[in-house]
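Each chain is listed here by its residues.
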Amino acid sequence: MARKTTPTYTLELPLIIPVWQQHRLEKKFNIARYVYNSCLGEALKRHKRVKVDKEHRALLCVPKSKEREKKLSDIRLAYGFSEYGLHDFVRNVQRKFKGNIGSFEAQKLATRAFQAVEKLHFGKAKKVHIKAYDDDISVENKSNATGLRYADGNILWGEKPTKKQPKPKSRLCIPVVPKAKDEYAHLALMDKTKYVRILKREVRGKVRFFVQLVQEGYPPTKRNRKVADDESKRVGIDIGSSTIAISSEKTVQLRELAPECHADEKKFRCIQRAMDRSQRSTNPQNYNENSTTKKGRKTWTYSKRYIQLRRERKELFRKIAVHRKQSHEKLANEILALGSDVRVETMRFQ
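Definitions and limits used
Residues numbered from 1 in each chain as written. Predicted model: local features only at pLDDT ≥ 70, side-chain atom pairs only at ≥ 80, totals over all residues. Heavy atoms only, no water. Helix = DSSP H or I, 4+ residues; strand = E, 2+ residues; numbered from the N terminus. Buried < 20%, exposed > 50% of the residue type's maximum accessible area, 1.4 Å probe, protein only. Contact = heavy atoms within 4.5 Å. Areas by Shrake-Rupley, 256 points an atom, 1.4 Å probe, with all protein chains shown as cover. Lys, Arg positive; Asp, Glu negative; His and termini not counted. Charge placed at Lys NZ, Arg CZ, Asp CG, Glu CD. Pairing = 2+ DSSP bridges. Axes fitted to C-alpha atoms, helices over the stretch in contact; angles between N-to-C directions. Phe/Tyr/Trp six-rings, centres within 6.5 Å; stacked < 30°, edge-to-face > 60°. Lys NZ or Arg CZ within 6 Å of the ring centre and 35° of its normal. Patch = residues over 30% accessible without salt bridge, like charges linked within 9 Å, V, L, I, M, F, W, Y side chains within 5 Å. Salt bridge = Lys/Arg side-chain N within 4 Å of Asp/Glu carboxyl O. Expected span 1.5 Å × (residues − 1).

A. Broad picture of the overall build of the chain. When helices and strands are tallied, the chain shows eight helices and eleven strands. Principal-axis analysis of the C-alpha atoms places the extent of the chain at approximately 65 × 65 × 60 Å. Per-residue burial over the chain gives 34% buried out of 350 residues. Taking the contacts inside the chain whose residues are at least 6 apart along the sequence as the reference set, 66% of them involve residues at least 24 apart. Within the structure as shown, the chain displays about 23,700 Å² of accessible surface, and the carbon and sulfur contribution to it stands at 52%. Side chains of the chain give 79 positive and 40 negative charges; the mean places of these two sets differ by 7 Å.

Right, here's the structure in full:
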């Protein structure tokens, strides 16, 4: 039987936490990063075993058919290259850190790692990246019953209290307090929570944590949002790479996507050149006499100035992404104000 699906939306709120809770979260995210990288490495091994299999290579030369796809799928399953095969692998990894990472959180990390390698396997990606220490990362659960969950206005994560350990060292209880005037957040918190996701981001050079509550139902209507007179009105949109054509009963428009998001290219070029000069001066052994990079495995040393410039570049990219997303969401609200029956031309955005 097909699983019953319900409408879902996400509520994101910042976490205001003391230093000691931030240290515990850092520890949990480091463990999550280790679990993800372990699953990624194992998935890559299984992917390579499938690729070098003689029968698999022979089937790739055969014209596509249902029988061929079934045989390819059986080969992948035989080598354990599947989502549930990676769930079996992550069980032993998670057992070492069961006080900090639950089984459901580890399974979600394994699923994410498998999906990354699966894109590589089917030619939809060129390579996969391991999670570095300072990379943004998120941890989520599969339900709101155990492990990482939201209950009574708090985020609970870690071992449950027992008689021997009434206050486990790995347990966290973080209050979720939206702003007093944030009517949207207060209404959204009244809905049922499906599961919880915690994100780690670097904002303006500082590490910050956010929580995303995946709620069941439809999001509350904001007061300043324009609503269509007749929600059954049809709107047609044709999305291009940089423009969008909108056609409705009232108007026909050709709009530019995110017109206010203009990156300071001159500033980017200055930062890139300064980073390149710093990298060459601190790693002369990695370059040939004609200034080209040497082949093979290399060890890089970065100066404090280089690290500072890299943070500035990362912050500029983050701001552009935020402004772009905000611009797209404003445009979506303007389209919904014309009518709720939105027809989009089928397009392969890849």
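Here the narrative resumes, following the displayed structure.
B. Main features of the sheet that holds strand β4 (residues 154-157). Strand order in the open sheet formed by three strands is β3-β4-β5, and the pairing between neighbours is antiparallel. At either margin of the open sheet sits one strand with a lone partner, and together these are β3 (149-151) and β5 (172-175). If you compare each strand with its neighbour and ignore which way they point, the axes differ by 30 degrees on average. Here β4 pairs with β5 via four bridges, running antiparallel.

C. Up close: the packing of aromatic side chains. In the structure shown here, the tally under the stated rule is seven aromatic pairs. Consider the rings of F29 and W157, whose centres lie 6.3 Å apart with planes at 90 degrees: the pair is edge-to-face. Here F29 is found in helix α1 (residues 19-52), whereas its partner W157 is found in strand β4, with 128 residues between them in sequence. Taking the relative accessible area as the measure of exposure, W157 reaches 2% and is therefore buried. The interplanar angle of 75 degrees and the centroid separation of 5.6 Å between the aromatic rings of Y34 and F97 together place this pair among those described as edge-to-face. Remark: F97 occurs in the loop between α4 (83-95) and α5 (103-121) and Y34 occurs in helix α1; sequence separation between them is 63 residues. For F97, a relative accessible area of 22% translates into the label partly exposed. Between R201 and the ring centre of F210, over which it is positioned, the NZ or CZ distance is 5.0 Å. Across the ring face of Y302, the terminal group of R310 is positioned such that the distance to the ring centre comes to 5.4 Å.

D. Local environment of the pairing of strand β1 (residues 8-14). Side chains Y9, L11 and L13 project from β1 onto a buried face, and the interleaved T8, T10, E12 and P14 project onto a face without burial. Pairing analysis gives seven bridges linking β1 to strand β7 (residues 206-216), with the strands arranged antiparallel. Residue pairing for β7: P14 is matched across the bridge by F210.

E. Representation of a positive patch on the surface. Taken together, R204, R208, K267 and K319 make up a surface patch of like positive charges. Turning to its location among the elements, R204 is positioned in the loop between β6 (193-203) and β7.

F. Layout of the pattern of salt bridges. For the structure on display, the rule yields 17 salt bridges. A salt bridge links E12 to R201, with the nearest nitrogen and oxygen atoms 2.8 Å apart. With E12 in strand β1 and R201 in strand β6, this pair connects stretches of sequence that are 189 residues apart. On the accessibility criterion, E12 (32% relative accessible area) is partly exposed. Taking the shortest distance from any N to any O, the salt bridge between D74 and K70 comes out at 3.1 Å. One end of the pair, D74, and the other, K70, are both in helix α3 (residues 66-78), four residues apart, so they sit about a helical turn from each other.

G. Structural context of the sheet that holds strand β9 (residues 243-247). Read across the sheet, four strands follow the order β10-β9-β8-β11 without closing on themselves; strand pairing throughout is mixed. Looking along the sheet, the strands with just one partner apiece sit at the ends: β10 (252-256) and β11 (341-344). With direction set aside, neighbouring strand axes in the sheet form an average angle of 20 degrees. Sheet analysis places β9 next to β10, joined by five bridges and oriented antiparallel. In the sheet register, A245 faces β10, and the bridge partner there is L254. Contacts from helix α8 (residues 304-336) reach β8 (234-239), β9, β10 and β11, with the element oriented near 15 degrees to β9.

H. Fine view of α3. Between the first and last C-alpha of α3 there are 18 Å, a value that for 13 residues agrees with the 18 Å anticipated at 1.5 Å per step. Contacts made by the buried residues of α3 are with α1, α2 (54-60) and α5. Just downstream of α3, G80 is the residue with a positive phi angle, here 75 degrees.

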